[in-house]
Amino acid sequence: MSHDTLPRPRPVRTGDRDTRPPRPRRRRHWTKRANPVAGLGSVVWLVVVIIPIYAMLSASLTSQDKALTGNPLSPPTSPTLDNYNTVLNSGFGHLLANTAIVATAVVGTVLVLCVPLAYVAVRTRNRWSGLAFRLFLLGVAIPAQAVVVPLYLLIAKLDLYDSLLAVILPTAAFAMPVSVLVLVGTLRDVSEELYEAMALDGASPQRMLFQLAIPMARGGISTVVIYAALQAWNGFLFPLIFTQSDEPRVLTLGLFNYVSQFGVNIPALLASVVLSGVPIFAVYLVARRALVGGLMGVGGK
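So, how was this worked out
Residues numbered from 1 in each chain as written. Predicted model: local features only at pLDDT ≥ 70, side-chain atom pairs only at ≥ 80, totals over all residues. Heavy atoms only, no water. Helix = DSSP H or I, 4+ residues; strand = E, 2+ residues; numbered from the N terminus. Buried < 20%, exposed > 50% of the residue type's maximum accessible area, 1.4 Å probe, protein only. Contact = heavy atoms within 4.5 Å. Phe/Tyr/Trp six-rings, centres within 6.5 Å; stacked < 30°, edge-to-face > 60°. Lys NZ or Arg CZ within 6 Å of the ring centre and 35° of its normal. Salt bridge = Lys/Arg side-chain N within 4 Å of Asp/Glu carboxyl O. Core = buried A, V, L, I, M, F, W, Y, C linked by side-chain atoms within 4.5 Å. Axes fitted to C-alpha atoms, helices over the stretch in contact; angles between N-to-C directions. Parallel < 35°, antiparallel > 145°, perpendicular 65-115°, else oblique. Left-handed = near helix turned anticlockwise from the far one by under 90°. Arc of directions from axis to C-beta.

Asks: Please explain the overall build of the chain as it appears in this structure.
Replies: Per the secondary structure count, the chain includes 12 helices and two strands. The order of α-helices and β-strands along the chain, N terminus first, is β-β-α-α-α-α-α-α-α-α-α-α-α-α. Here the chain, with 301 residues, has 30% of them falling under the buried criterion. Partitioning the contacts of the chain with sequence separation of at least 6, the portion at a separation of at least 24 is 73%.

Asks: I would appreciate a short explanation of the packing of aromatic side chains in the present structure.
Replies: Working definition: an aromatic ring pair is given by the centre-to-centre distance plus the angle between the planes. Within this structure, the stated rule accounts for four aromatic pairs. On the numbers, 5.7 Å between centres and 80° between planes, the contact of tyrosine 152 with tyrosine 161 is edge-to-face. Feature note: the residues Phe174, Phe238 and Phe242 constitute an aromatic cluster, connected by ring pairs. The ring centre of tyrosine 195 lies 3.9 Å from the NZ or CZ of arginine 123, which sits over that ring.

Asks: What exactly am I supposed to notice about the environment of serine 58 here?
Replies: Note on placement: serine 58 falls in helix 1 (residues 36–60). Residue classification places serine 58 among the buried residues on the basis of a relative accessible area of 7%. Not counting residues up to four positions away in its chain, the partners in contact with serine 58 are Pro72, Ser74, Pro75 and Pro76.

Asks: I'm lost on the pattern of salt bridges in this one. Help?
Replies: Between side chains of opposite charge, a pair can form as their charged atoms come close. Across all of its chains, the model carries two salt bridges by this definition. A salt bridge links arginine 123 to glutamate 192; the shortest N-O distance between them is 3.1 Å. Here glutamate 192 lies in helix 7 (residues 192–200) and arginine 123 lies in helix 3 (residues 92–123), a separation of 69 residues in the sequence. Classification of arginine 123 by relative accessible area gives partly exposed; the value is 24%. The shortest N-O distance in the salt bridge between arginine 249 and aspartate 246 comes to 2.8 Å.

Asks: Just to check I follow, could you spell out the side chain of threonine 171 for this structure?
Replies: Structurally, threonine 171 is set in helix 6 (residues 165–187). A relative accessible area of 9% places threonine 171 in the buried class. Apart from the residues lying within four places of it in its own chain, the contact partners of threonine 171 are Val106, Gln231, Ala232 and Phe238.

Asks: How should I be thinking about the environment of arginine 188 in this particular structure?
Replies: With respect to the helices and strands, arginine 188 occurs in the loop between helix 6 and helix 7. The spatial distance from the C-alpha of arginine 188 to the C-alpha of alanine 213 is 9.7 Å, given a sequence separation of 25 residues.

Asks: Before we go on, may I ask you to explain the nonpolar core in this structure?
Replies: Counting 49 residues, the largest nonpolar core has Val106 and Val110 as its most contacted members. When contributions to this core are tallied by element, the ones reaching two or more residues are helix 2 (82–88), helix 3, helix 6, helix 7, helix 8 (205–216), helix 9 (218–234), helix 11 (251–261) and helix 12 (266–296). With 13 residues, the single largest contributor to this core is helix 3. In this structure valine 106 touches Ile168, Thr171, Ala172, Ala228 and Ala232, once residues within four positions along its chain are discounted.

Asks: Can you walk me through the packing of helix 6 against helix 9 in this structure?
Replies: Helices that pack against each other are described as a pair by the angle of their axes relative to one another and the distance between those axes. Between helix 6 and helix 9, the shortest axis-to-axis distance is 9 Å and the interhelical angle comes to 160°. Here helix 6 is positioned roughly antiparallel relative to helix 9, judged by the angle of their axes. Helix 9 is crossed by helix 6, and the crossing has right-handed handedness. The segment helix 6 lies against helix 9, with Thr171, Phe174, Ala175, Val178, Ser179, Val182, Leu183 and Thr186 engaging Gly220, Ile221, Thr223, Val224, Tyr227, Gln231 and Ala232.

Asks: Is there a simple way to think about the environment of proline 215 in this case?
Replies: By the secondary structure assignment, proline 215 is in helix 8. In contact with proline 215, not counting residues within four places along its chain, are Leu209 and Phe210.

Asks: I keep staring at helix 8 and nothing clicks. Help me out?
Replies: Note: α-helices contain 3.6 residues per turn, so residues at a spacing of three or four share the same orientation. When we look at burial in helix 8, the residues that qualify are Met208, Leu209, Leu212 and Ala213. Here the buried residues of helix 8 occupy an arc of 130° about the axis, which is enough to place them on one side. In helix 8, those exposed residues whose orientation departs by more than 90 degrees from the buried face are Gln206 and Phe210. In the core, the buried residues of helix 8 are packed alongside helix 3, helix 6 and helix 7.

Right under this line is the structure:
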């Protein structure tokens, strides 16, 4: 019998275990393919975003007599901060303080109302809670312009016209539908076993909300905070319709009035735009990861 026809030895078994040495696994080499279309699109988008910001910063550091001459993309030959001093000495601090008050109040109102509402929508298993949640989300499809006249009449009846409350309440109301949607998607990702474990320990629904749901939904809550703050910071319609005097004026309305006040002084107008965008841009840089992570969990499981 030749060597090639010899029977292959059978593996020795100890009980039910196979003592044959395992075969070495082949390593899979994963290679990332380049995507030139996506890269080109990213570069184009970066250029589209960067050029206007650069032109605005450059013009805000230019004197008024040189603002309309020369290349707008060329760096300023003799940069100056006189435009920023002009804006800061024209009541900009008062506008910034009012806007900060409105943003803080809107964020607080949205969190106090939306977190328990989203918790009830997730934890309550009946058709009435689902129907209430769907009706509440109809606010996403209702634009503010469609109800501005009834809101004006309501605020006038409540004697809130020309006050910060006239801006805070409708801004918070229109930020709530999207906020509830984000929080419901985040709370649905909390494991049901965790709720059952706390229920076996005798925890009340209120204790589950504060000790389990809120800590597990920090990403969604951070997203809601940023979203509501942006809505309050950039809001223009409600301050324009519901305020009149200089006392409750906010940044967006103040910038609108700067168009006539600094109608010829373009560098001062651009300097006011830069100053108004710095605080909210800083908040976005700090919490951008929480914003993206919370939006990715909107759909839930």
